[in-house]
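Summary of the model geometry
The primary structure of each chain is shown beneath.
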Amino acid sequence: MLNEQDIRWNLKAVDNAIAQQRQEGLDVPMDVIADLKRAARGEIHIADGIQTTYQKFVHGQVRRARSLS
């Protein structure tokens, strides 16, 4: 079980990873962020979050349509 300090550290790591993706011009879907935060709090295993995200990617659900203008 994770303690409060571990959870805070993990959530900060999630926030940093999301910020890095945004700096690269990538959009992280809200449901993926929710899974990352659940994993950071120890509510799900990281492998479960990866599998869920992979399944969305395989089925084309991760990318959203963007305007070219």
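To keep things clear, this report deals only with the structure shown in the data block. Predicted, not measured: the structure shown is a model, and the values here were computed from it. (Residues numbered from 1 in each chain as written. Predicted model: local features only at pLDDT ≥ 70, side-chain atom pairs only at ≥ 80, totals over all residues. Heavy atoms only, no water.)

1. Describing the packing of helix H2 (residues 30–40) against helix H3 (residues 46–58)
The N-to-C vectors of H2 and H3 enclose an angle of 170°; their axes lie 9 Å apart at closest approach. It follows from the interaxial angle that H2 and H3 lie roughly antiparallel. Here H2 contributes Asp 31, Val 32, Asp 35 and Ala 39 to the contact with H3, which in turn contributes Ile 46, Thr 52, Thr 53 and Lys 56. Of the residues contributing to the contact of H2 with H3, the split by class is 3 nonpolar, 2 polar and 3 charged. (Axes fitted to C-alpha atoms, helices over the stretch in contact; angles between N-to-C directions. Helix = DSSP H or I, 4+ residues; strand = E, 2+ residues; numbered from the N terminus. Parallel < 35°, antiparallel > 145°, perpendicular 65-115°, else oblique. Contact = heavy atoms within 4.5 Å. Nonpolar A, V, L, I, M, F, W, Y, C, P; charged D, E, K, R; others polar.)

2. Side note on the packing of helix H1 (residues 4–23) against H2
To characterise two packed helices, one gives the angle between the axes of the helices and the distance between these axes. Between H1 and H2, the least distance of the axes is 8 Å, while the angle of their chain directions is 155°. The orientation of H1 relative to H2 falls into the category roughly antiparallel. The hand of the H1/H2 crossing is right-handed. Facing Ile 7, Asn 10, Leu 11, Val 14, Asp 15, Ile 18 and Arg 22 of H1, the residues of H2 in contact are Ile 33, Leu 36, Lys 37 and Ala 40. Residues that form the contact of H1 with H2 fall into these classes: 7 nonpolar, 1 polar and 3 charged. (Left-handed = near helix turned anticlockwise from the far one by under 90°.)

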